[in-house]
Amino acid sequence: MAAVENAYLMQFVDETSFYNRIVLSHLLPANLWEPLPHFPQTWLRNFLAGTLLYFISGFLWCFYIYYLKINVYLPKDAIPTMKAMRLQMYVAMKSMPWYTLLPTVSEYMIEHGWTKCYSRLGEFGWILYFVYIAIYLVFVEFGIYWMHRELHDIKPLYKLLHATHHIYNKQNTLSPFAGLAFHPVDGILQAIPHVIALFIVPIHFTTHIGLLFIEAIWTANIHDCIHGNIWPIMGAGYHTIHHTTYKHNYGHYTIWMDWMFGSLKDPLLEEDDNKDSSKKAK
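Keep in mind that what you see is a predicted model, and the values were worked out from it rather than measured.

Asks: Just checking my understanding: could you explain the overall build of the protein for this structure?
Replies: Helix and strand counts for the protein stand at 12 helices and 0 strands. Each helix and strand of the protein, ordered N terminal to C terminal, gives the series α-α-α-α-α-α-α-α-α-α-α-α. Expected size for 282 residues packed as a compact globule is a radius of gyration near 19 Å; at 21 Å, the protein falls within 12% of this value. Dimensions of the protein, computed from the C-alpha atoms along their principal axes, are close to 80 × 40 × 40 Å. Relative to its full complement of 282 residues, the protein shows a buried share of 48%. Partitioning the intrachain contacts of the protein with sequence separation of at least 6 by distance along the chain shows that 71% fall at a separation of at least 24. About 14,600 Å² of surface is accessible on the protein, with carbon and sulfur atoms providing 69% of the total. Positive and negative side-chain charges of the protein, numbering 19 and 21 respectively, have mean locations separated by a distance of 11 Å.

Structure follows, in structure tokens:
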């Protein structure tokens, strides 16, 4: 039995080693990474891949909305300054080594058989694959909502950790680069429901890794101040309200948790309220 279990766990190690080779062999000379043990190799792969994803997605999105579509999605005076975006990049890059330690640790736990993660899609079949993803995402949504909310409600946590992110509290200071501009402990706390879920829900290993890195793209998207108005997605319109009021729209992917727990504020209703206030002022 032990031999069978070890052979099964080696599938995870082989897969992470494969990802390490793909990323590191294209970015670094072999003599810099091949002598490293498996764990540092995995962290280095996550760090480099996370950094590339952050900058590529951020620059492409900024180029599209601030240059190609200038005055289409945002008026020119709502575009953040280069100084604000450089500060966001600086904060994000100071934290990136710590952010990427979390998926490295989660992969270590998976490789040692401590979680419910599974290696091959055929183990459960397609129906259960999607059922488990749905349960996983509900758990993650619930966990991130309450982690985010408590980072606001517990004042010492807000002051020590989350306030770093909330210096971007106006539309013309928010950009896709603000998506990862957190204190490192804050960023890890908000991502940790992804790891806790591994001990509760059977989830396909590659899917778990993919969902973690989708986080980087998603956080860039919800900080671009463009309201997509796609129900029930927690788009940037909702998240911009969070940055300006500090007490609404704590959710991550959807508005459901805010709706259930009474913290939802709709950006379209906010616009109507602002228009009514302007008319009354006149």
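Asks: Sorry if this is basic, but what is going on with the environment of Tyr64 here?
Replies: Mapped onto the secondary structure, Tyr64 falls in helix α3 (residues 38-68). A residue is classified by how much of its surface remains accessible, and Tyr64, at 28% relative accessible area, is partly exposed. With 74 residues separating them along the chain, Tyr64 and Val138 place their C-alpha atoms 31 Å apart. Those residues in contact with Tyr64 that sit more than four places away from it in its chain are Lys69 and Tyr73.

Asks: I would appreciate a short explanation of the UniProt feature "transmembrane region" (unreviewed entry) in the protein in the present structure.
Replies: As recorded in UniProt, the sites labelled "transmembrane region" (unreviewed entry) are residues 47-67 and 126-147. Counting secondary structure, residues 47-67 comes out at 100% helix and 0% strand; the distance between its end C-alpha atoms is 29 Å.

Asks: Looking at this model, I keep getting lost on helix α10 (residues 236-245). Mind explaining?
Replies: An α-helix turns once per 3.6 residues; consequently, residues spaced three or four apart project the same way. Counting buried positions along α10 yields 8 of 10 residues, so the element is predominantly enclosed. Along α10, the residues that are buried comprise Ala236, Gly237, Tyr238, His239, Thr240, Ile241, His242 and His243.

Asks: Is there a simple way to explain unusual backbone geometry in this structure?
Replies: Phi angles above zero are rare outside glycine, and Tyr246 is one such case at about 70°. On the secondary structure map, Tyr246 appears in the loop between α10 and α11 (256-261). At Asn249, a position not held by glycine, the phi torsion is positive, near 55°. Looking at where Asn249 falls in the secondary structure, it is placed in the loop between α10 and α11. A residue is classified by how much of its surface remains accessible, and Asn249, at 0% relative accessible area, is buried.

Asks: Teacher, can you tell me more about the pattern of salt bridges here?
Replies: Pairs can form between side chains of opposite charge whenever their charged atoms are close. Taken as a whole and judged by the stated rule, the model has 3 salt bridges. Where Arg120 meets Glu15, a salt bridge forms, and the shortest distance between an N and an O atom there is 3.8 Å. In this pair, Arg120 sits in the loop between α5 (101-111) and α6 (126-153) while Glu15 sits in helix α1 (residues 2-27), placing the two residues 105 residues apart along the sequence.

Asks: Can you walk me through the side chain of His152 in this structure?
Replies: Structurally, His152 can be placed in helix α6. Residue His152 is classed as buried on the basis of its relative accessible area, which comes to 5%. Only 3.2 Å separates the side chain of His152 from the side chain of His162, close enough to count as a polar contact. Of the polar contacts made by the side chain of His152, one reaches the side chain of His166; its length is 3.2 Å.

Quick notes on the rules
For every chain, the first residue of the written sequence is number 1, and numbering continues from 1 onward in sequence order. The predicted origin of the model limits local features to residues at a pLDDT of at least 70 and limits the giving and counting of side-chain atom pairs to 80 or more, whereas totals for whole chains, interfaces and linings rest on all residues. Neither water nor hydrogens contribute to the side-chain values; these are computed over all heavy atoms in the structure. Secondary structure elements are defined from DSSP: runs of H or I of at least 4 residues count as helices, runs of E of at least 2 residues count as strands, and each element is numbered from the N terminus. For this measure, only C-alpha atoms enter the radius of gyration; the expected value for a globule follows 2.2 Å times N^0.38, where N is the number of residues. Remark: exposure states derive from per-residue accessible area (1.4 Å probe, protein chains only) relative to the maximum for the residue type, with buried under 20%, exposed over 50%, and partly exposed in between. The contact criterion used is simple: two residues touch if any of their non-hydrogen atoms lie within 4.5 Å. The Shrake-Rupley method, run with a 1.4 Å probe, gives the accessible areas here. Residue values count only the displayed protein chains as cover. Under the counting rule used here, the positive set is Lys and Arg, the negative set is Asp and Glu, and His together with the chain ends is not counted. Working definition for charges: the position is that of NZ of Lys, CZ of Arg, CG of Asp or CD of Glu. UniProt positions are given in the numbering used here, feature names are shortened, and annotations may be inferred rather than shown by experiment. Salt bridge, as applied in this entry: a Lys or Arg side-chain nitrogen positioned within 4 Å of an Asp or Glu carboxyl oxygen. Pairing of N or O atoms within 3.5 Å defines a polar contact, subject to two protein rules: one partner must be a possible hydrogen donor and the other a possible acceptor, and residues neighboring in sequence count only if both atoms are side-chain atoms.

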